[in-house]
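As a plain string of letters, each chain reads:
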Number of protein chains: 2
Amino acid sequence: MKRVSLSDIAKAAGVSKTTGSMVLNGRARENGISDATCERVWKIAKELKYKPNLMARGLRLGKTHTLGLIVADISNDFFAQIARTVEETATRYGYHVIFCNSDENAEKLTELIQTLKTRQVDGLIISPALHDYDNEISRLKREKFPFVLIDRYFSKINTNYVVVNNFEASFQATSLLLDRGYNRIGIIAVFSNSIQHKLRVDGYREALKQNGIRFLRKLVVEVSYGNLKESIINAIRKLLDCPNNVRAIYFLNNRVAVIGLECINEMNLRIPKDIDVLSFDDNEVFRLFDPPITAVAQPVHEIAEKAVSILIDEIERPKKISETRQIVLPAKLIKR
Amino acid sequence: MKRVSLSDIAKAAGVSKTTGSMVLNGRARENGISDATCERVWKIAKELKYKPNLMARGLRLGKTHTLGLIVADISNDFFAQIARTVEETATRYGYHVIFCNSDENAEKLTELIQTLKTRQVDGLIISPALHDYDNEISRLKREKFPFVLIDRYFSKINTNYVVVNNFEASFQATSLLLDRGYNRIGIIAVFSNSIQHKLRVDGYREALKQNGIRFLRKLVVEVSYGNLKESIINAIRKLLDCPNNVRAIYFLNNRVAVIGLECINEMNLRIPKDIDVLSFDDNEVFRLFDPPITAVAQPVHEIAEKAVSILIDEIERPKKISETRQIVLPAKLIKR
DNA sequence: TATGCAAGCTAAATGGGTTTACTCATATTT
DNA sequence: AAATATGAGTAAACCCATTTAGCTTGCATA
């Protein structure tokens, strides 16, 4: 029941391993192997159901045809969808995908990157942890290891990335709320030092500014991942209460939005009577709410597809040194 | 910048590769390597940041320390959560996970199983496609390839599997609806020849029976994956309409439930006034609905954890021939 | 006749670990 | 004193596909 190896094929076909390898890799022509031999090898390979041992090949070639995908949490709808398309696209290119969850934890991320490198993945698609300082990522960069960041990136390192136009999308989202007549809009976000976070807040500020409304720092509440629910309840309470007097909340991501909605529910607040909400990042079920939740939808499929194709391009093309690709896709405001 | 290999370590430490290998694999004691040598090797390995080449090791040992996970669609909340825990658990055991989407397509599933085997994963966790006949799975079984089925299984093949008690859970779910006073309950499900499907319907029948209500085949509507939305709208319309006169719908899974809710929304029906609903498979947001949606929640974490540990046990233990493990976990009815 | 060359193919090295079957001292038994 | 053990370690085989460098043989040209 043991696997058929190239030697077996070679022996059975009465040729050398070299010839066998060449034929089965479609290099027969260029190496002047005769058609007769060629056919013989193929026939035997088929009969014996030969499948090359990818580890042997990988060892020799130094390539595994495997990509690593690191996200905060694959059970989060946004990342699950990314993962879906990453896998699909990678498969089209003949690659497989190993995935890992970083839990928004910089140390875990560092560790994951290292193990995946040890495991010899050919490249990485990474959504860096929120608090990550750039160390491990910039090490990858220094080592010229192929990788693409998605969703988030670092201004200080020149890397490949695929993100959305956070500023613009946030500007539009805020403008919509302003149009609806809210001029005191609270933001609830997970604490983060990332650029996207900043850009989303900046977009919000710009929208306020263009409407002649003053930006108030205290309306931007940053909660921490630890006990999201409790902190969000407090945040909402604080925003609604008197001097703030907020009537619309802008959740800066998916996760916060879903939990935020849960809190609003529990606090017996009605949307939009008591409070209106908007979420950056869409969720399949937002449109099913009563009323449906307006959200900024990221083009997940494009993000994933682009990331994979850039990555594989970098893996397979001879490296044109430090020529990075930085894609900013438009996010779409879905009014509901 | 090239990787440090075992030879490098051996050379630097003035020992043979053999000794190096033994030391670094913790086999120093049993092979009578002196403590001095041991320390020297470790020290050098650390200094040079030695990471073994896992492909070389894998090639020799015939093991990759990789598991394959095949689900219908990883962007489906249920599978995303499974994937999450599978990865976590596998990592604890020192394994990585390659995932693939079968799209409920038997041919694709067959192909995936084959590629993953070629890729030398050590074992597979599979949620078989709905319409799959058992061929590829039983081939795995014949070949004694380690695998565990989750969520679904085949009565005709004796395999490892981890599933929930579909009959019992469905019985309880139906009983709840009956208690709420609905005695004409419609079922909407994706067409399937799987046992779980049957068991869920059987549980429903049994509940009706114990309440002295006749089972009506026409109240069980099977839609196909093609154009779910349209078919569900038709199904709902048909069920509500006159002779049927259904006032409660029992969605037989997650996917159908979410889309079903969307349809109900679009049809401007109110829950529970016009129609009440219940879903087999929970979804994070069901409790946020107004009113919240009652659902049967599968213990996803346990399913995934159990599946991984059974699989790894099978991979690592000397095979006690054809001794399969079949786990049936209780699903929990979450009344909302 | 000797030389060049193309066609068709192969031996052996390579990649980096693990494992088997030794070696070589010295120490202990019998 | 000869035989056996033991401690410490190693050379070489092995896993399997790819690739480099080169080897025949036949035919044509100088």
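See above for the structure.
**Q** I'm lost on the pattern of salt bridges in this one. Help?
**A** Side-chain pairs of opposite charge can arise whenever the charged atoms involved come near each other. Scanning the model with the defined rule gives 40 salt bridges over all chains in all. Across the pair D276 of chain A and R180 of chain A runs a salt bridge, and its minimum N-O distance is 3.3 Å. One end of the pair, D276 of chain A, is in strand β9 (residues 276–280); the other, R180 of chain A, is in the loop between α8 (166–179) and β6 (185–190), with 96 residues separating them in the sequence. By relative accessible area, R180 of chain A is classed as partly exposed at 33%. K117 of chain B serves as the salt-bridge partner of E143 of chain B, at 2.7 Å between the closest nitrogen and oxygen. Of this pair, E143 of chain B sits in the loop between α7 (135–142) and β4 (147–150) while K117 of chain B sits in helix α6 (residues 106–118); the two residues are 26 residues apart in sequence, bridging distant segments of the chain. We classify K117 of chain B as buried; its relative accessible area is 16%. One salt-bridge network, in which partners are shared between bridges, spans D73, D103 and K108 of chain A together with R84 and E88 of chain B.

**Q** Which parts of the structure should I look at to understand the packing of aromatic side chains?
**A** How two aromatic rings sit relative to each other is given by the distance of their centres and the angle of their planes. Residues and elements named next belong to chain A. This model, assessed by the stated rule, comprises ten aromatic pairs over all chains. On the numbers, 4.0 Å between centres and 20° between planes, the contact of Y153 with Y161 is stacked. Look at Y161 and you get buried, because its relative accessible area is 11%. Taking NZ or CZ as reference, R205 lies 4.0 Å from the ring centre of F215, over its face.

**Q** Just to check I follow, could you spell out the protein's contact with DNA strand D for this structure?
**A** Around DNA strand D lies a shell of 25 residues, among which L6, R57 and R60 of chain A together with T18 and T37 of chain B are the nearest. Among atoms of DNA strand D positioned within 4 Å of the protein, sugar and phosphate together represent 59%. In this structure, a phosphate oxygen belonging to DNA strand D sits 3.2 Å away from a main-chain N or O atom of N53 of chain A. Contacts to DNA strand D include S16 of chain B, whose backbone N or O atom sits 2.9 Å from a phosphate oxygen. Elements represented by at least two residues in the surface near DNA strand D include exactly α2 (17–24) and α4 (54–61) of chain A together with α2 (17–24) and α4 (54–61) of chain B. The dominant element in the surface near DNA strand D, judged by the number of residues it contributes, is α4 of chain A, at four residues. For the surface near DNA strand D, a count of residues per class yields eight nonpolar, twelve polar and five charged.

**Q** Even after reading the chapter, I still don't get empty space enclosed by the protein, so can you show me in this structure?
**A** Empty space among the atoms becomes apparent when a probe as large as a water molecule is rolled across them. Using the criterion set out here, one finds three cavities of 30 Å³ or more in the structure. A volume near 160 Å³ is recorded for the second largest cavity. Contributing to the lining of the second largest cavity are 16 residues, with D77, N283 and E284 of chain A together with D77 and N283 of chain B lying nearest its centre. Broken down by secondary-structure element, the contributors of at least two residues to the lining of the second largest cavity are α11 (254–266) of chain A together with α11 (254–266) of chain B. Classifying every residue of the lining of the second largest cavity by side-chain character gives two nonpolar, eight polar and six charged.

**Q** Where do I start with the packing of helix α5 (residues 77–92) of chain A against helix α12 (residues 300–316) of chain A in this structure?
**A** Helix packing geometry: the angle between the two helix axes and the distance between the axes. Residue and element names in this part refer to chain A. Closest axis-to-axis distance for the α5/α12 pair is 8 Å, and the angle between their directions is 45°. Judged by the inter-axis angle, α5 sits oblique to α12. In the packing of α5 onto α12, the handedness of the crossing is right-handed. Contacts from F78, Q81, I82, T85, V86, T89, A90 and R92 of α5 reach α12 at V300, H301, I303, A304, E305 and V308. Residues belonging to the contact of α5 with α12 are distributed by class as follows: eight nonpolar, four polar and two charged.

Cut-offs used in this document
- Residues numbered from 1 in each chain as written.
- Chains lettered and ligands numbered in written order.
- Predicted model: local features only at pLDDT ≥ 70, side-chain atom pairs only at ≥ 80, totals over all residues.
- Heavy atoms only, no water.
- Salt bridge = Lys/Arg side-chain N within 4 Å of Asp/Glu carboxyl O.
- Helix = DSSP H or I, 4+ residues; strand = E, 2+ residues; numbered from the N terminus.
- Buried < 20%, exposed > 50% of the residue type's maximum accessible area, 1.4 Å probe, protein only.
- Phe/Tyr/Trp six-rings, centres within 6.5 Å; stacked < 30°, edge-to-face > 60°.
- Lys NZ or Arg CZ within 6 Å of the ring centre and 35° of its normal.
- Near = heavy atom within 4 Å.
- Polar contact = N/O pair within 3.5 Å; in protein donor to acceptor, adjacent residues only side chain to side chain.
- Nonpolar A, V, L, I, M, F, W, Y, C, P; charged D, E, K, R; others polar.
- 1 Å grid on protein atoms, 1.4 Å probe; cavity = no way out; pocket = protein on both sides within 12 Å on 5 of 7 lines; lining within 4 Å.
- Points joined across faces, edges and corners; volume = space filled by probe spheres on them.
- Axes fitted to C-alpha atoms, helices over the stretch in contact; angles between N-to-C directions.
- Parallel < 35°, antiparallel > 145°, perpendicular 65-115°, else oblique.
- Left-handed = near helix turned anticlockwise from the far one by under 90°.
- Contact = heavy atoms within 4.5 Å.

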